Amino acid sequence: MLAESLDFMQFSGMSFDLPGFTLSESVAPSAQYPTPGFTAEHSGSTLGLEILESLQLPPRPIILQLGELFFEHLYHIFPCFHKKSFLAKLECGDLEKDAPLLLYAMCSVTARYHPETSIRKRSKEWYEQARFSYDLTRRRPDPAVRTIQAVLLLVFHAWTIGDYSTSWLFLGKAWRQAVVLGLNRMDASDHLSETRAISEYSCASGKIDIESALEREESRRALWLLFIMDRMHAWPTGWPNAIPEIQFKVDIPVAEAIFQGMNLDLRDSPFVNVPFTRNMSRLVNAVSVSKDSPNVFHYVIVAHVLLGRVSELVHSLHTSPDSLEYAEDCTELDDMIVKFHLSLPRTASSILEASPADRGHVAWLHIILNTMTILLHYRRNKNVSVEESASQFTLAVIAARNVAQIVKDASRISIDLLLSAHIASSLYIAACVLVIQWRLTGDSSFKEDVDLIALLFGRMDEVFSFLGLKFKIALEHDVQKSLEDLQSLRKRGFKGMLADCTKWTHVREEVERRVPTNNRPPSLFTCVPFANRSFIIQP
């Protein structure tokens, strides 16, 4: 009966088979629920009351606990939620009625921090239900911004469990939905464009008037996080950015304290947002304006705009890495990064100097800045003098050591500052550079930094089901490479390192050996150079 009652959720081309599940396998009932991978061949005997319960959100007291845990452990990773109004709507049940998709997503990412094992185990169920629910959304999701916020959580969670295909596709879908809703041009100066955006947003969300200043600010933050996640997908893979800057006119959000101090009754904000401009010099110059009241999320945004430019250059199909044009473009971007560093106030230049509320963003900011330096200076040394090549790689090594120092400083405060999928790939790239320098020079101080990052991947593995393990195994493999292989990686540059598929074959085999079948990522992977989000690991 229950199987028949789910028929209304089936569409042409959609099956309800769990990824990696076959009828011959024995799977716990709690893991079987309608998802985009569950076939209609399953009989009602495999779908009982326990499965029906797994489709439901937890009781409200548990939801409230998870909401508090979300803001305690994860808010610095998702700074697009107004805490007071969100928790109020959570407590009265409005979010359960209006945005269950968001709650399923929130529960899935936060469950790992709950003290009860039974709650932590349900993370997978809530993720699958949220993923299924989002699959059913169309081009005008309702509620609009809550749907975008849910996607941010889903994409992040997909990274941590190895479900990279889902994260990539959901990012693209969410961007298209944002465009249809006009959210991508919410701060466009063209009056007709702005009016049309407001009209489309109001129509989609069921509102008859312009949204409050708080809702607009929450929308800005959600859209910028979507932009940031898009850039985070692109740079390790060679895939193009999905969100074009020229079609993105969302101004820089106000400082965190101002945002959290807003209320829903505020129709027009008395605060002026920094306009987003594609002129990089003006964008960087705007960073130094408010040194007395630093807006660290503003700095994180500018860093990812720069990261997008660096990624487009490094992975360009038109400019050869050996050309003079490429070298000049690298110098121009590197100069901009230096200028950006010098524009930052002291409180945003050091984790130890930052306020407690800003430390997570400061760590994130400087790890990304050093990642860009590595990308620009870890170049192929073909047709380049030995002296010039050594000089360039030295700058990459310095940036990698800076990343290790950030890990040291953050670890003295709270390990939670570093347990983020936003920076995991950057940590791995830094570790690879340090491995090459250690093995080729014999300097044991580099090994100490490598060991430190390896320990951090171990801590990630305790929180995330796959992310830390993947990079930990890959790093172990890199450490065991021969000197000849490391010299080859050194000469081939950043792209050459990404195209090294041997490590990912090794990672796949090790995951198969170490991880029980029912706890593996949604699908194991093959290596296709520059074809996937996480260092050419292709699900």
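These figures come from a predicted structure and were not determined experimentally.

The rules we used
Numbering of residues starts from 1 in every chain and runs along the sequence as written. Reporting in this predicted model follows two pLDDT cut-offs: at least 70 for local features of residues, and 80 or more for side-chain atom pairs to be given and counted; totals over whole chains, interfaces and linings ignore these cut-offs and use all residues. Only hydrogens and water are removed before side-chain values are computed, so all heavy atoms of the structure are retained for them. Joining through side-chain atoms within 4.5 Å is the link that ties buried Ala, Val, Leu, Ile, Met, Phe, Trp, Tyr and Cys residues into a set, and such a set is a nonpolar core. When a residue's accessible area, from a 1.4 Å probe over protein chains only, is under 20% of the maximum for its type it is buried; when over 50% it is exposed; and in between it is partly exposed. Helix numbers and strand numbers start at the N terminus; a helix is a DSSP run of H or I with at least 4 residues, a strand a run of E with at least 2. The span you would expect from a helix comes to 1.5 Å times its residue count less one. Within this document, salt bridges are pairs made up of a side-chain nitrogen of Lys or Arg and a carboxyl oxygen of Asp or Glu, the two lying within 4 Å of each other. Between two residues, a contact is recorded if the distance between any of their heavy atoms is within 4.5 Å. The definitions used throughout rest on a 1 Å grid laid over the protein atoms alone, on which a cavity is an enclosed set of points accommodating a 1.4 Å probe that cannot get out and a pocket is an open set flanked by protein within 12 Å on both sides along at least five of seven lines; lining residues are those having an atom within 4 Å of a point. Grid points are joined across faces, edges and corners, and a volume is the space filled by probe spheres set on the points. All amino acids are sorted into three groups, where Ala, Val, Leu, Ile, Met, Phe, Trp, Tyr, Cys and Pro are nonpolar, Asp, Glu, Lys and Arg are charged, and the leftover types, Gly among them, are polar. What qualifies as a polar contact is a pair of N or O atoms within 3.5 Å, subject to a donor-acceptor requirement within protein and to the restriction that residues adjacent in sequence count only when both atoms come from side chains. In summary, the pairing rule links any two rings of Phe, Tyr or Trp, Trp by its six-membered ring, whose centres are within 6.5 Å, and it sorts them by plane angle into stacked for under 30 degrees, edge-to-face for over 60 and tilted for everything else. As a reminder, the over-ring test applies to NZ of lysine and CZ of arginine, requiring each to be within 6 Å of the ring centre and within 35 degrees of the ring normal. Interaxial angles span 0 to 180 degrees and are taken between N-to-C directions of axes, which are lines fitted to C-alpha atoms, for helices over the stretch in contact. Left-handed describes a crossing whose near helix is turned anticlockwise from the far helix by less than a right angle; the clockwise case is right-handed. Residue-level confidence of the predictor is what pLDDT reports, using numbers from 0 through 100.

Details of the nonpolar core
F78, F81, F340, Y378 and L427 are the most contacted members of the largest nonpolar core, which has 163 residues in total. No other element matches helix 19 (residues 421-441), which puts 14 residues into this core.

Comments concerning unusual backbone geometry
Backbone torsion omega between D142 and P143 reads 0°, so that peptide bond is classified as cis. Here P143 is to be found in the loop between helix 8 (123-135) and helix 9 (144-161).

Details of helix 16 (residues 324-343)
Helix length check: helix 16 (20 residues) gives 29 Å between terminal C-alpha atoms against 28 Å at 1.5 Å per residue, within 8%. Buried residues of helix 16: Y326, C330, L333, D334, M336, I337, F340 and S343, and no others.

Describing the pattern of salt bridges
Taken as a whole, this structure holds 21 salt bridges when the rule is applied. Of the charged contacts in the structure, one is a salt bridge between R401 and D449, with a shortest N-O distance of 3.0 Å. Taken as a pair, R401 in helix 18 (residues 386-411) and D449 in helix 20 (residues 444-463) lie far apart in primary sequence, 48 residues in all. Residue classification places D449 among the buried positions, given a relative accessible area of 4%. A network of salt bridges, in which partner residues are shared, links D187, R216, E217 and R220.

Section: the environment of H157
With respect to the helices, strands and loops of the structure, H157 is situated in helix 9. Judged by its relative accessible area of 4%, H157 is buried. For H157 and F464, which are 307 residues apart along the polypeptide, the C-alpha to C-alpha distance reads 8.7 Å. Other than its neighbours up to four places away in sequence, H157 contacts S108, V109, R112, S123 and Y127.

Let's talk about the layout of surface pockets
Approximately 460 Å³ is the volume attributed to the second largest pocket. The wall of the second largest pocket is formed by 24 residues, among which H76, P356, A357, D358 and R359 lie closest to the centre. Per-class residue counts for the lining of the second largest pocket are 12 nonpolar, seven polar and five charged.

Overview of the side chain of H377
The topology assignment puts H377 in helix 17 (residues 359-377). Within the structure, the side chain of H377 is placed 2.5 Å from the side chain of Q392, a separation counted as a polar contact. Apart from residues lying up to four places away in sequence, H377 is in contact with D334, Q392, F393, L395 and A396.

So, the packing of aromatic side chains
Enumeration over the complete set of coordinates arrives at 21 aromatic pairs. Summarising the aromatic geometry, the rings of W235 and F494 are spaced 6.4 Å apart at their centres and angled 25° between planes, so their arrangement reads as stacked. Residue W235 is located in the loop between helix 12 (213-234) and helix 13 (256-260), and its partner F494 is located in helix 22 (residues 483-498); the two are separated by 259 residues in the primary sequence. The burial state of W235 is the same as that of F494; both residues are buried. Grouping aromatic residues by their ring pairs yields a cluster made of F70, F71, Y75, F78, F81, F86, F156, W159 and F464. The cationic tip of K173 hangs over the ring face of Y134; the distance from NZ or CZ to the ring centre is 4.5 Å. Of note, R401 hangs over the ring of F446, and the distance from its end group to the ring centre comes to 4.2 Å.

What to know about the environment of N381
Along the chain, N381 turns up in the loop between helix 17 and helix 18. Taking C-alpha positions, N381 is 6.8 Å from R492, a pair spaced 111 residues apart along the chain.

Topic: the packing of helix 10 (residues 164-180) against helix 12
Two elements in contact, helix 10 and helix 12, have axes separated by 11 Å at closest approach and are oriented at 145°. The handedness of the crossing between helix 10 and helix 12 is left-handed. Facing helix 10, whose interface residues are S167, W168, L171, A174, W175 and A178, helix 12 presents L223, L226, M229, D230 and H233. A per-class count over the contact of helix 10 with helix 12 returns eight nonpolar, two polar and one charged.

What to know about helix 15 (residues 296-314)
Taking 1.5 Å as the rise per residue, helix 15 with 19 residues should run 27 Å; its terminal C-alpha atoms sit 27 Å apart, in good agreement. The buried fraction of helix 15 is high, at 17 of 19 residues.

A word on the confidence of the model for the protein chain
Of all residues in the protein chain, 81% have pLDDT values of 70 or greater, and the mean over the chain is 83. Helix 1 (residues 2-5) is the least confidently modelled element of the protein chain, averaging 36 in pLDDT, while helix 17 averages 97, the highest of any element. Here residues 1-47 scores under 50 on pLDDT; set against residues more than four positions off or in separate chains, the count is 78 contacts. In this model residues 526-539 is a low-confidence stretch, pLDDT under 50, and it forms 67 contacts with partners more than four residues away in sequence or in other chains.

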